[in-house]
Amino acid sequence: MNDIAIIILAAGSSSRMGQSKQLLLVDGEPLLLKTVKTALEVKTASVIVVLGAHDQEHATVTQNHAVNLVFNERWQRGMGSSLKVGLQFLEDNTPAAESVIILVCDQPALTTEHLLNLIQTYKKSGKSIIASYYSNAPGVPALFDKTHFNELLHLDDLQGAKKIIQQNMAVTELIHFPEGTIDLDTPGDYQQYINSLKIEKPS
């Protein structure tokens, strides 16, 4: 899949969590590392991780894996700023990429299979955006054809990829991803998710 890249947005400060959500342990490893491994298993042309807050700690987590680390010095301005930094790095360093998958690192139930499903649907459907669908709305992970790169690069700093999806529903295919509703924003979210794993895997 040399024409596809993945961007993982991991620059936020996790203010509602009170600590770095990227470093929360899920199945015995930091959430950021779990996300990176999931992305690398897709075997795309490039995996880019956009860092911001706690960048040194997060870089250490990924140091033994073949990812490109990019620092967004304006990470406090919002997710859109990190997306644009990651995409600009992609265009500068992997110009042959024809599409990109945008991920966030607080969806612990994300699987490689779901990412492959996005890619397979893209190749079969003829649509230029393939988005995940959960909580009655489209969202990330989402795949964008290169024809949308310019739109993404002109996002407002406070907006995420969802804005571009909503503006292009006529060319968007949706893939059900009910697990996408599980995101870790607060200590309560994290504890609830860890408890659910214990129920699924009784000792």
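Described in the following lines is the structure provided in the data block.

1. Quick notes on the pairing of strand β8 (residues 137-145)
Thinking step 1. Most of β8 is tucked away, with nine of its nine residues classed as buried.
Thinking step 2. Pairing analysis gives four bridges linking strand β6 (residues 99-104) to β8, with the strands arranged antiparallel. Bridging from a neighbouring strand, Ile101 pairs with Leu143 of β8.
Thinking step 3. By the bridge criterion, six bridges tie strand β7 (residues 129-134) to β8 in an arrangement that is antiparallel. Its bridge partner lying in β8, Ser132 is registered against Gly139.

2. Quick look at the environment of Arg77
Thinking step 1. Examined against the element boundaries, Arg77 turns out to sit in the loop between β5 (68-71) and α3 (79-93).
Thinking step 2. C-alpha of Arg77 to C-alpha of Ala161: the two residues are 84 residues apart in sequence and 15 Å apart in space.
Thinking step 3. Arg77 has contacts with Asp157 and Leu158, leaving out every residue within four places of it along the chain.

Rules and cut-offs
Residues numbered from 1 in each chain as written. Predicted model: local features only at pLDDT ≥ 70, side-chain atom pairs only at ≥ 80, totals over all residues. Heavy atoms only, no water. Buried < 20%, exposed > 50% of the residue type's maximum accessible area, 1.4 Å probe, protein only. Helix = DSSP H or I, 4+ residues; strand = E, 2+ residues; numbered from the N terminus. Pairing = 2+ DSSP bridges. Contact = heavy atoms within 4.5 Å.

Note that all results are geometric; they support no functional claim without further evidence.
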